[in-house]
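One-letter residues, chain by chain:
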Amino acid sequence: MLGKMTLDEKLGQLVQLDASWGHPPDYLGERIRAGHVGSVLNNADVHIVNELQRIAVEHSRLGIPLLVGRDVIHGFKTVLPIPLGQAAAWNPLLVEVGARHAAIEASGVGINWTFAPMVDITRDPRWGRIAESFGEDPYLAECLGAAMVRGFQTDNPSEATAIAACAKHFVGYGAAEAGRDYAATNIPENELRNVHLRPFRAAVDAGVLTLMTSFSDIDGVPATANDYLLRDVLRDEWGFDGLVVSDWESVQQLKTHGLTHDDAGSAREAITAGVDMEMAGECYWHHLPQLIEQGTVDIARIDDAVRNILRAKFRLGLFERPFTDAPPCEPATIAERQAVALRLAQQSCVLLKNEKATLPLNTDQLSRIAVLGPLADAPYQQMGTWVFDGDRELSVTPLQWLRKLCQGSVEIDYQRVLEHSRSRERGGFDAALAAAKNADAVLLFLGEESILSGEAHSRADINLPGAQVQLVTHLREAGKPVIAVILAGRPLTLTNMIDDVDAVLYCWHPGSLGGPAIAELVLGHATPSGKLPVSFPKMVGQIPIYYNQKNTGKPPTAETIAHIDTLDSHAPQTSLGMSAYHLDAGFTPLFPFGFGLSYSTVEYHDLVLSSQHLAADETLIAQASITNTGDCDIDEVAQLYVRDVAASVTRPVRELKGFERVHVPAGHTITVQFTLTPNDLGFYGRRNQWVTEAGEYHIWIGGDSQAQLSSAFRVDEAAR
Ligand code: GLC
């Protein structure tokens, strides 16, 4: 194919154009007919998509089909929880099934490429795009990113409902300074390799067909021009042979970054660094001919980029099946898809507080529930960010489902109180208080509208917006049990309201079936099992705060608390504890990574190792027992953490190395088993060489990253 192509036809493959406005064939048709377009994005009308493909396949000289891209981030028409919420389910198989259904829906309208999974690691909830991420941990992101790749692509990407996945944004985007989207990142190579690159490697090993470069500047070299990462690491070290696409006009932005003087320079930098296709920009099209003519860009590099693009098209089977004639979704499929969305939403909700077993509400003992707040009946908001194709009609709200489940038994007294999450109008407060006084319990739906997270939507203050905290305080006077149900695109700082409510159920933006998921949890038809994929800071000034941090030379201890209000202002300089903490916040988060309660209590005990020594060719088995000490069957996510106590580079105080979602019937004890090989303990050490070092390791198994059940073992000899 390559041998037959003219230079223009080759350069045409490197071009991805926006097909979202006007009638695309009218303005795109001629360019596609001439063979000057390799891909289009942002059209989900199967008739138009087929028309574009027909022009490419039947009316261009070589008949090369188009890649048709779209952001199918968490579902398509049936919207799943935002990825951060899906991460809270700690259920790779269910995430894979969710992606599979999204691919079936999207491929049905001719989309053959999604710009997901986003596997950026972030430790900064100010960053709006934390909503699209799997949170702060590389291991969890590895597992879930690979699961999404499998779900989108299946193990046969040429299958009709498979769509190409895209691991993004390569790399380090989540480390944007101050959590401000698009801001520069400065990531030492050792951290880049031991944290940020890991989930991309896992996606590549899972067979992801494409990667997208990040907008961000990494240590002075923007990702879209970073030849070290795009060539030395991605191609030479990892052997990736797929397609690399820029982000939206991120080639052109190289000039804005201050890396180049003009678009020609940007085209040169990006193509030379290894960006195969330019999304939505025209630097390549307008400037590569002259750059090749001048000898500044080698035609061999162009051929290499075209090969990567054609390879993706061949792997997707587009040459054999360029058109979409998918039958309308069968009702059974739609019902199955909604069942998956419901389960994923249910498993993503995290019970953060449940004083005096306020939840679940027992409808036999209640006559009226006050359902209050701006997010109880907000079908669009609950879908979250990146829902271009989300069908609002498919969205079922908590209010709708509470009314359905309580019909004929419990009265639902609903008041919105605040028009939206940022509203400061308190006109509805007294009526809300009256409703609370008149009810047996209050379900208070708070949080963020979906527009407050996602791309370019970072916040410097991550408290509940508007007058929501004031509403919580106002309702205290009712003296009734108050359950806060929070829908948000990020961790919020809850310190200013957490003591004024009896229970908190954190539901992220739960998607189309968020209503049934939440209603069934609060009424006890299901039990909460979510665990936090990200730390919740007490206050924004603690950020970045994450569990897998370094110990430092002066670590705080359990006794290190926030004592700014009680310390003696004449206290001697060194008397307040010389360690890494804040006088006004201590050093711990409000809720730690991995944390989540349920409607029963569990005890972890009897951690047993198969050996106290792990030799190079051996596998260590770690086993622990979990007893459900309550009277309700629950699902629990057991977690395994390891610490490399002393190494050639300092290692985190704990690292997640395994997890398993298990069912534990009331009063029963089950055992969980994890295996560890020396390679599982590997890391990039001095001079960034991969190594597993001999020495002492600590190990914990428990229900969150502060698990106390521990043991220790030794690795006898280094392994490379
Ligand atoms: C956006 C995002 C990227 C998305 C692309 C196409 O700017 O950064 O994640 O896939 O453009 O919409």
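Scroll up a little and you will see the structure.
Everything in this summary refers to the structure shown in the same document. In this text the structure is predicted, and so the values were computed from the model without any measurement.

1. Comments concerning the overall build of the protein chain
Inference 1: For the protein chain, the count of helices and strands is 18 helices and 26 strands.
Inference 2: In summary, the protein chain has a C-alpha radius of gyration of 26 Å against a globular reference of 27 Å for 720 residues, a match within 12%.
Inference 3: Viewed in the frame of its principal axes, the protein chain has a C-alpha envelope of about 75 × 65 × 50 Å.
Inference 4: Counting only residues that meet the buried cut, the protein chain has 61% of its 720 residues in that class.
Inference 5: Across the protein chain, every contact between residues at least 6 apart in sequence was considered, and the portion connecting residues at least 24 apart equals 77%.
Inference 6: About 26500 Å² of surface is accessible on the protein chain, with carbon and sulfur atoms providing 49% of the total.
Inference 7: If the 58 positive side-chain charges of the protein chain are averaged to one point and the 89 negative ones to another, these points end up 1 Å apart.

2. Digging into the site of the ligand
Inference 1: Neighbouring the ligand are Asp-71, Phe-115, Arg-129, Lys-168, His-169, Met-212, Phe-215, Asp-247, Trp-248, Met-279, Trp-386 and Glu-455.
Inference 2: In this structure, an oxygen atom belonging to the ligand sits 2.8 Å away from a side-chain N or O atom of Arg-129.
Inference 3: One nitrogen or oxygen atom from the side chain of Glu-455 is found 3.1 Å from an oxygen atom belonging to the ligand.
Inference 4: Considering the ligand on its own, with 310 Å² of exposed area, one finds that the protein chains cover 95% of that surface.
Inference 5: For the shell around the ligand, a count of residues per class yields six nonpolar, one polar and five charged.

3. Points about a negative patch on the surface
Inference 1: On the surface, Asp-617, Glu-618, Asp-716 and Glu-717 cluster together to form a negatively charged patch.
Inference 2: Inspection of the secondary structure assignment puts Glu-618 in the loop between β18 (613-614) and β19 (620-628).

4. A look at helix α2 (residues 24-33)
Inference 1: Inspection of α2 places Pro-24, Pro-25, Leu-28, Gly-29 and Ile-32 among the buried residues, and these make up the whole buried set. End-on view of α2: buried residues confined to an arc of 130 degrees, all on one side of the axis. Residues Asp-26 and Glu-30 are exposed on α2 and point more than 90 degrees away from its buried face.
Inference 2: Each element contacted by the buried residues of α2 is listed here: β1 (15-18), β2 (39-41) and α3 (46-59).
Inference 3: Residue Gly-35 follows α2 closely and has a positive phi angle near 80 degrees.

5. A few points about the pattern of salt bridges
Inference 1: Under the definition given, this model contains 36 salt bridges.
Inference 2: When the shortest N-O distance is used, the salt bridge between Arg-201 and Asp-205 registers 3.2 Å. With Arg-201 and Asp-205 both in helix α8 (residues 198-205) and four residues apart, this pair spans about one turn of that helix.
Inference 3: For Arg-201, a relative accessible area of 30% gives the class partly exposed.
Inference 4: You can call Asp-205 exposed: its relative accessible area is 53%.
Inference 5: For the salt bridge of Arg-416 with Glu-419, the shortest nitrogen-to-oxygen distance reads 3.9 Å.
Inference 6: With relative accessibility at 55%, the residue Glu-419 sits in the exposed group.
Inference 7: Overlapping salt bridges, with partners in common, bring together Glu-142, Arg-198, Arg-651, Glu-655 and Lys-657 in one network.

6. Some details on the pairing of strand β5 (residues 166-170)
Inference 1: β5 sits mainly inside the fold: five of its five residues count as buried.
Inference 2: Relative to strand β6 (residues 210-213), β5 runs parallel, the two sharing three bridges. Residue pairing in the sheet places Phe-170 in a bridge with Thr-213 of β6.

7. Things to note about the sheet that holds strand β25 (residues 695-702)
Inference 1: Strands sit in the order β18-β26-β25-β20-β21 across an open sheet of five strands; the sheet is mixed. Looking along the sheet, the strands with just one partner apiece sit at the ends: β18 and β21 (655-664).
Inference 2: In this sheet, strand β26 (residues 710-715) lies alongside β18 in parallel orientation, the contact comprising two bridges. What sits directly across from Leu-614, in β26, is Val-715.

About the thresholds
- Residues numbered from 1 in each chain as written.
- Predicted model: local features only at pLDDT ≥ 70, side-chain atom pairs only at ≥ 80, totals over all residues.
- Heavy atoms only, no water.
- Helix = DSSP H or I, 4+ residues; strand = E, 2+ residues; numbered from the N terminus.
- Rg over C-alpha atoms; globule rule 2.2 N^0.38 Å.
- Buried < 20%, exposed > 50% of the residue type's maximum accessible area, 1.4 Å probe, protein only.
- Contact = heavy atoms within 4.5 Å.
- Areas by Shrake-Rupley, 256 points an atom, 1.4 Å probe, with all protein chains shown as cover.
- Lys, Arg positive; Asp, Glu negative; His and termini not counted.
- Charge placed at Lys NZ, Arg CZ, Asp CG, Glu CD.
- Near = heavy atom within 4 Å.
- Polar contact = N/O pair within 3.5 Å; in protein donor to acceptor, adjacent residues only side chain to side chain.
- Nonpolar A, V, L, I, M, F, W, Y, C, P; charged D, E, K, R; others polar.
- Patch = residues over 30% accessible without salt bridge, like charges linked within 9 Å, V, L, I, M, F, W, Y side chains within 5 Å.
- Salt bridge = Lys/Arg side-chain N within 4 Å of Asp/Glu carboxyl O.
- Arc of directions from axis to C-beta.
- Pairing = 2+ DSSP bridges.

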